Protein chains: 2
Amino acid sequence: MALNHNHSKICFVAVTCMLLFTASVKAQDIYAQYRQSWLKKAEDFKPKLTETVKQPIGLVKMEKDASAFQGWKAVKGNGIDSLYNQSFKKQSGVVADFGEHLTGYCTFTINTLRGTQDAPVRLKFTFGEVPAELSVPFDPYPGGLSRAWLQDEIITVTEMPATITIPRRLACRYVKIELLGASSYFDFHITKIQFKATTSVTTTPAGLAAGTSPMINDIDRVGLTTLKECMQTVYEDGPKRDRRLWIGDLYLESLANMYSFKNYDLTRRCFYLLAGLSGDDGILISNVFETPEPHAQVGNRLLDYCFLYNVALKEYVAATNDKQTGLELWPVAKKQLDIARKYAGADGMMDYVKAGKEWWVFFDWKDGLDKQGPLQGLTVYALNQTYQLAKLLGKENEVADIPALAKKLKDAAHKNLYDKKQGLFVSGTDKQISYGTQAWMILSGVASKAEAQKALKALPGVANAVHPGGPYMYHYYMAALIESGLKTEAKEALQNYWGDMVKKGADTFWEVYDPNDELKSPYNFYPVNSYCHAWSCTPVYFIRKYPDTFQN
Amino acid sequence: MALNHNHSKICFVAVTCMLLFTASVKAQDIYAQYRQSWLKKAEDFKPKLTETVKQPIGLVKMEKDASAFQGWKAVKGNGIDSLYNQSFKKQSGVVADFGEHLTGYCTFTINTLRGTQDAPVRLKFTFGEVPAELSVPFDPYPGGLSRAWLQDEIITVTEMPATITIPRRLACRYVKIELLGASSYFDFHITKIQFKATTSVTTTPAGLAAGTSPMINDIDRVGLTTLKECMQTVYEDGPKRDRRLWIGDLYLESLANMYSFKNYDLTRRCFYLLAGLSGDDGILISNVFETPEPHAQVGNRLLDYCFLYNVALKEYVAATNDKQTGLELWPVAKKQLDIARKYAGADGMMDYVKAGKEWWVFFDWKDGLDKQGPLQGLTVYALNQTYQLAKLLGKENEVADIPALAKKLKDAAHKNLYDKKQGLFVSGTDKQISYGTQAWMILSGVASKAEAQKALKALPGVANAVHPGGPYMYHYYMAALIESGLKTEAKEALQNYWGDMVKKGADTFWEVYDPNDELKSPYNFYPVNSYCHAWSCTPVYFIRKYPDTFQN
């Protein structure tokens, strides 16, 4: 995930207001006594990356094909030796295929074939996760995020033989190499293209149950690769972009990790890092960077992500029984509850309008999604989950007000948002019906099981229902289907949505996927989307946590 | 100098024929016993480069101006702090001016100004020796040499703060910086642009005589800078392009060095390097490279340059009395004489047609220049100079045939090429009249002093005379004026030609200069010309060797 232009205004409004909010709460750093030890813990749990050297499996040609994902497909070409054994001059534009998604560093060797190198050579390397990235022109660049995210690098080779490593860390399956300048007085070839692939994953999860369908096996495999690629020295959101730790991605990655690689040190590192880099007012910042030294994206506060930190921490402690970490970070979780207290009205409804003015309230990349329902549901859910965490840690007395607050919000939600006649939950002044609102009403327990099933079954028939904008919201919809006991529907949804990506050739799951609009981009240029994105890896979690539903 | 497309065919013909020639002379390496010690001597004399850190003196704007050199001028802008103290986002395209020509490595610092860097930044740096290089588009590239010679580099900055050194060695006065990609969520600035300038020059030559005209002082200053910039770990032809040791440039640089920096170790290094990398048949190769290990441009033989090696060696021994070097390299000089013996006909005329088929015969970047006269003259000159060298070394007995051969060629030249009626020397079947032919007939002594003066005075009135194509031939024309005792004309020519470059803003003298065609390029694209070129530095030699002519 990254900020986009639509949200920039909101974000900077949020910065301003949060400063006021901060000032009104406390002037000094409320975690001053903990911060250094949290950051040190984060450093202590920093994994050593595993490095594996990979070679291309062959050459491919990118061909236009209206039936292929985004209109481009990779067609198998010659073996890699046909690149290595011939002059590069007649091969400009060649695409090498590593056969899998890789994250790391690319190295190549270049040497003369005939004559003496009498001039530098200018080469352009373009690295792509999906075929379209190698095929559509990047300039003039229409995107809302930095043009520099696109992975094209221009290299001047002044001397041969040379073995050159492109300094930038890359994420790709394919690399295209173009010749931008050479001398006619000598000839040369490119050889030994290598990729030093990195991940902090060191374990291999068990296979799925015998008899699991090939499609579920495929989805699981692609999900595992997605998660593995995003597990670097933090849980990154995407190894191509944004290459950093966002709370929302951490939550879903840590869930998937519990049921696969079980690298709990990485989870702990991320919790400590976020805590150590939270605001002086105690409120978490939505995303943080590791280098050159750990730092947060100043001013980037995201309401839903603050709550999800608590949920993620509770899940972690419940899964590991690591109460020490839970206790050390309890002050952070406790503090995020203030957000609920601040916006909860006397009527038990969250003041989502005010919150929306003061915060970036995200939930989904979906224009027009009304946030009232999702926010009310998530708040109830986060309050209850945080109270569960308090109980695990023996800290209920410190948050004694929370069960009543949660119940008040829950009751108000049912009263105000449930449309009994339609059997659906509505959101906002326009009484919008959305997948997001149903999902959060169900996950929070506002909906009874019967109401949940009814709502979820009714949804597909609602003409104007706001569908999930992408895999992130789809996760919560999936979770709601499971929570409601709709096993068949859950399996179908998984196969329809993530299975569709697999059918379209995904090596890793995409940040953005709308089956009806493959060129969708929150950033106004689909090649800058991330095609290996943490928040899309959660089939791993569903398939492995609920074998009865998926592995049969 | 570099090969260009017009000459490539000739060059490759030459390669083929030279192999036959080689085979007929001797199959094995005739210098096998010397080669290693020559290369070791070359290494022993390799200079340690002096490094000086330079800062820009300010910003400039490149403006179109039909009256400026190549139509572009640099207009003084704000101080460099106006770049450093403000966001770079609104300054894309800014040009920093170092105020002088520099050769070396460029470093800059980049850091955030506001917000947190949430995306990489893509920058384009363009380094230029003259304003037009910063102003005209490079693509689509029409030039005959590698596009990669042009000094534009694209850099992805993934992390700030960063201090980044562009890996490629550069030659420039100006650097343009353009923003190709950034995030709208943070701001940044570029600071501390530095250039680590290198040269092997360590001395400061004496000033010119009091009373020397400002123009001559200026020409001398620009010539010294040109020479200094080209003096790296060899005498390079140009620090931007081709960045290597060519014999023709070495000859002129070593002359200028004798009268200025007096770095004789560098001269020796270059003689040894060329000897150590000559062909197995003993014939020199026109140009050599130092890295990754010393090597020659295989197949690139240039007839006139073989002869000029001998002339340069003789001048060096005469100036330094370093007979040891002379004696060690005498086998090389002696061997080059075979070229004269091979092409000298019974009538005393060089078979320039055959030589032109078998060799690259250069003399000048000038389409249509007939080479008969220049070749005949240079051959006589080289024979006599080599014999002078033999005498200095006590080796006359080894080349006892040379005086007679030189006289034979000289007499034949006068008989066949002097048009008494016109008072001019002619060349080729069309009896072409050129500056080149007059120059070489005079330098060789074919022309008497009276004939020389007459010819040189007549030249400007000859409508179809072939003028020098650039500074390299202009050097020989200047030398002929001086040899003929035409002091006033020599001073005028120097002031007209090199002075014109100074008036047009040259910081260093240009590889190519035609007062009537500033866009002239042997490579079909004038920005790829070198604008700091060794063979153009010889005013330093003339002004300082002949103070009576120039310093008054």
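Calculation criteria
Residues numbered from 1 in each chain as written. Chains lettered and ligands numbered in written order. Predicted model: local features only at pLDDT ≥ 70, side-chain atom pairs only at ≥ 80, totals over all residues. Heavy atoms only, no water. 1 Å grid on protein atoms, 1.4 Å probe; cavity = no way out; pocket = protein on both sides within 12 Å on 5 of 7 lines; lining within 4 Å. Points joined across faces, edges and corners; volume = space filled by probe spheres on them. Helix = DSSP H or I, 4+ residues; strand = E, 2+ residues; numbered from the N terminus. Buried < 20%, exposed > 50% of the residue type's maximum accessible area, 1.4 Å probe, protein only. Contact = heavy atoms within 4.5 Å. Core = buried A, V, L, I, M, F, W, Y, C linked by side-chain atoms within 4.5 Å. Domains from an automatic or database assignment. UniProt positions renumbered as here; feature names shortened; annotations may be inferred. Least-squares fit on C-alpha atoms with pLDDT ≥ 70 in both. Buried area = accessible area lost by both parts, 1.4 Å probe. Salt bridge = Lys/Arg side-chain N within 4 Å of Asp/Glu carboxyl O. Polar contact = N/O pair within 3.5 Å; in protein donor to acceptor, adjacent residues only side chain to side chain. Nonpolar A, V, L, I, M, F, W, Y, C, P; charged D, E, K, R; others polar.

Where an unreviewed UniProt entry is consulted, chain A appears under the name Glycoside hydrolase, with the organism given as Mucilaginibacter celer.

For the coordinates displayed, the defined rule picks out three cavities of 30 Å³ or more. Each pocket or cavity is described by its volume, and for the largest cavity that value is around 50 Å³. Lining the largest cavity are twelve residues, and of these L145 and W149 of chain A together with D118, A119 and S183 of chain B lie nearest its centre.

Residue and element names in this part refer to chain B. Summarising the element assignment, R544 is placed in helix α16 (residues 539-545). A residue is classified by how much of its surface remains accessible, and R544, at 14% relative accessible area, is buried. Those residues within four positions of R544 in sequence are excluded, and the remaining contacts are P205, A206, L208, D220, L224, Y259, P539 and Q551.

The next thing to look at is the nonpolar core. Formed by 158 residues in total, the largest nonpolar core has its most connected members in Y309, Y476 and M478 of chain B. When residues of this core are assigned to their parent elements, the largest contribution, eleven residues, is made by helix α7 (residues 303-320) of chain B. Split by domain, this core shows at least three residues from each of two domains, domain 1 (5-49 + 201-550) and domain 2 (53-199) of chain B. Setting aside residues no more than four positions away along its own chain, M478 of chain B makes contact with A490, A493, L494, W498, F542 and F550 of chain B. Core analysis: the next-biggest nonpolar cluster, separate from the first, contains 157 residues, L274, I283, L369 and A413 of chain A among them.

Glancing now at the UniProt feature "domain: Alpha-L-rhamnosidase six-hairpin glycosidase" (unreviewed entry) in chain A. The UniProt entry lists residues 213-544 of chain A under the feature "domain: Alpha-L-rhamnosidase six-hairpin glycosidase" (unreviewed entry), expressed in the numbering used here. The annotated region residues 213-544 of chain A carries 55% helix and 3% strand content, and the separation between its end C-alpha atoms amounts to 13 Å.

Here chain B sits on chain A after a turn of 180° about the axis and a move of 0.0 Å along it, with an RMSD of 0.0 Å. As the rotation angle and translation indicate, the two copies are arranged about a two-fold axis. Of the C-alpha atoms belonging to chain B, the one lying closest to the rotation axis is found on I154 of chain B, 3.1 Å away. A share of 100% of the interface residues of chain B reappears at the interface of chain A, consistent with the copies meeting face to face through the same patch.

Residue and element names in this part refer to chain A. As assigned here, chain A comprises domain 1 (5-49 + 201-550) and domain 2 (51-199). One C-alpha centre belongs to domain 1, the other to domain 2, and the line joining them spans 36 Å. The partner domain 2 presents 28 residues to the 31 residues of domain 1 that form the contact. Carbon and sulfur atoms supply 57% of the area that domain 1 and domain 2 bury against each other, a total of about 2,700 Å² over both sides. Our count for the domain 1 to domain 2 interface comes out at three salt bridges. Counting across the interface, domain 1 meets domain 2 through 17 residue pairs in polar contact (both at pLDDT 80 or more). Tallied by class, residues from the side of domain 1 that touches domain 2 come to 14 nonpolar, six polar and eleven charged.

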